[in-house]
Amino acid sequence: MSAEYNYPTISEDAKIIRPTKVEVDLSILKKNFEAIKKHVSPAKVNIVLKANAYGHGLVRVAKLLEEIDADYLSVAVVEEGILLRKAGINMPILVLGGVWGNQVPLFINYDLHITASSLEKVKQINKISAQLKKKAKVHIKIDTGMERIGVHYYNSEKFLEEVYKYKNILVEGIYSHFANADTTDLSHTELQLARFQESLFFFEKHSIEMPVRHIANSGAVLQMPETYLDMVRPGILFYGVYPSKDLPRILDVKPALTWKSLVVYFKVIKPGHPVGYGLTWQSNKNIRAVTVPVGYGDGYLRSMSHKAKVLLNKKLYPVIGSISMDQIVVNIGDNSAYNGDEVLLLGSDGTNSITAEDLAEWAGTIPYEILTNINTRVPRIYK
Ligand SMILES: *Cc1c(COP(=O)(O)O)cnc(C)c1O
């Protein structure tokens, strides 16, 4: 059996010939980082790069962050961390997800920080690091009200007492995660913060040096300065997208990602001639339509069928029929378009824009899912 990690899947040559592409403006990402950094200072900034950097391209975005002296990176799974190390990234990298025993040597050998979320895991980590004669760096995960991974706050004191008995474990950090810091009712978030603070009394009580404390995601960065502690952990905000519509636009961050394609076909569709799989749409008069080579196989979600719009020659036009795996059809009414004309799927033409929030609304989801679903088949171009 062999396993292979497939991203990036697109060769350099293919980038030039594929009409559908994502452009990422690195100067915007840099400005977003600086806006966040300034806002939370003196707290450190740990940028979350999971899921291919929210679709922006894991390695290139990490390189940018290293160039601009970010403090820390986070990924979700150990494979993402290894990919970054192999690409030459030297910054501290925290893996946010859980760990399996057989992954521990990889964490240690690639100097990736482990999320320690139970005593059983800590024992395992300690044992393996003893065998490798190399200390394991861990961040303790406290569950303060999400019930996903982590030691319950009400068991944390006993847990921490145990952890500090293991000599091969270096506790670099301690953290928790908010369940709804992106809403305007912050009562649960405040409760979570209070529970986290309660767990931190352990260090004072036992006169143990405080590890790096972190809990704030994008929602908390925007709404609750008291959550910044030693370090914040924003994801979506760094990419210029607000975690929800309800939050105040207090930070000057801008979307860095543009998703575009080209017109590859033009035709006139007569009435009574339905469009696409399932024959779900037809016109009652002649219309002009163009085909664009993007579909749900690229992450242009099928659930946006009959709702999505694209920008073509500075106008918004509806996508008609069901979205196919690799193609969509756009109704341009009585207007003209030519093969090679640019089609914006997500982004701005200077006058109009289509945002990740728009796509999310059409698909019945959240902007996070839109960005992280743009498939690795779509080449990323950086400016
Ligand atoms: C994804 C994630 C974040 C970042 O969340 P945003 O809402 O994108 O800011 C922070 N911490 C953890 C543990 C996460 O899983």
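Residues numbered from 1 in each chain as written. Predicted model: local features only at pLDDT ≥ 70, side-chain atom pairs only at ≥ 80, totals over all residues. Heavy atoms only, no water.

This part takes up the pattern of salt bridges. Taken as a whole, this structure holds 14 salt bridges when the rule is applied. Note that Lys 205 is salt-bridged to Glu 157, the shortest N-O span being 2.6 Å. You can see Lys 205 sitting in helix 9 (residues 187-205) and its partner Glu 157 sitting in helix 8 (residues 156-163), a full 48 residues away along the chain. Taking the relative accessible area as the measure of exposure, Lys 205 reaches 60% and is therefore exposed. For Glu 157, a relative accessible area of 33% translates into the label partly exposed. (Salt bridge = Lys/Arg side-chain N within 4 Å of Asp/Glu carboxyl O. Helix = DSSP H or I, 4+ residues; strand = E, 2+ residues; numbered from the N terminus. Buried < 20%, exposed > 50% of the residue type's maximum accessible area, 1.4 Å probe, protein only.)

Bringing helix 2 (residues 26-40) into the picture now. The end-to-end C-alpha distance of helix 2 is 21 Å, a good match for the 21 Å that 15 residues give at a rise of 1.5 Å each. Leu 26, Ile 28, Leu 29, Asn 32, Phe 33, Ala 35, Ile 36 and Val 40 are the residues of helix 2 that are buried. Where the residues of helix 2 are buried, they touch strand 1 (21-24), strand 2 (44-48), helix 4 (58-67), helix 10 (218-223), strand 10 (231-232) and strand 19 (380-382). (Expected span 1.5 Å × (residues − 1). Contact = heavy atoms within 4.5 Å.)

By size, the foremost hydrophobic cluster in this structure holds 120 residues, and its most contacted members are Leu 49, Leu 65, Ile 140, Trp 259, Tyr 300 and Ile 328. The element that contributes the greatest number of residues to this core is helix 2, accounting for 7 residues. Here this core spans two domains, since at least three of its residues come from each of domain 1 (26-239) and domain 2 (257-382). Ignoring sequence-local partners within four residues, the contact set of Ile 328 consists of Val 290, Thr 291, Val 292, Val 294, Tyr 300, Val 310, Val 319, Ile 323 and Leu 345. (Core = buried A, V, L, I, M, F, W, Y, C linked by side-chain atoms within 4.5 Å. Domains from an automatic or database assignment.)

The next point concerns the packing of aromatic side chains. What the rule picks out here adds up to 8 aromatic pairs. Relative to Tyr 239, the ring of Tyr 54 has its centre 4.7 Å away and its plane inclined at 20°; by these criteria the two rings are stacked. Of this pair, Tyr 54 sits in helix 3 (residues 50-54) while Tyr 239 sits in the loop between strand 10 and strand 11 (257-262), and the two are 185 residues apart along the sequence. Consider the rings of Phe 202 and Phe 203, whose centres lie 5.2 Å apart with planes at 90°: the pair is edge-to-face. By the burial criterion, Phe 202 is buried, and Phe 203 matches it. Counting every residue linked through ring pairs, the aromatic cluster contains Tyr 54, Phe 238, Tyr 239 and Tyr 368. The residue whose ring lies beneath Arg 249 is Tyr 242, and the NZ or CZ to ring-centre distance is 4.1 Å. (Phe/Tyr/Trp six-rings, centres within 6.5 Å; stacked < 30°, edge-to-face > 60°. Lys NZ or Arg CZ within 6 Å of the ring centre and 35° of its normal.)

Another aspect to go through is the domain arrangement of the protein chain. Partitioning the protein chain into domains gives domain 1 (26-239) and domain 2 (257-382). Of note, the centres of domain 1 and domain 2, computed from C-alpha atoms alone, are 38 Å apart. The largest per-residue losses of area from domain 1 upon contact with domain 2 belong to Tyr 54, His 56 and Ile 236, which jointly make up 49% of the total buried on that side. Across the domain 1-domain 2 interface, the total number found is 0 salt bridges. Counting across the interface, domain 1 meets domain 2 through 2 residue pairs in polar contact (both at pLDDT 80 or more). In terms of residues, the side of domain 1 that touches domain 2 owes the most to one element, helix 3, which gives 3 residues. In terms of residue class, the side of domain 1 that touches domain 2 is built from 4 nonpolar, 4 polar and 1 charged. (Buried area = accessible area lost by both parts, 1.4 Å probe. Polar contact = N/O pair within 3.5 Å; in protein donor to acceptor, adjacent residues only side chain to side chain. Nonpolar A, V, L, I, M, F, W, Y, C, P; charged D, E, K, R; others polar.)

Following the criterion strictly, the structure yields 1 cavity of 30 Å³ or more and no others. Here the largest cavity defines a volume of roughly 50 Å³. The wall of the largest cavity is formed by Lys 141, Ile 142, Asp 143, Thr 144, Met 146, Arg 148, Ile 149, Ser 176 and His 177. Tallied by class, residues from the lining of the largest cavity come to 3 nonpolar, 3 polar and 3 charged. (1 Å grid on protein atoms, 1.4 Å probe; cavity = no way out; pocket = protein on both sides within 12 Å on 5 of 7 lines; lining within 4 Å. Points joined across faces, edges and corners; volume = space filled by probe spheres on them.)

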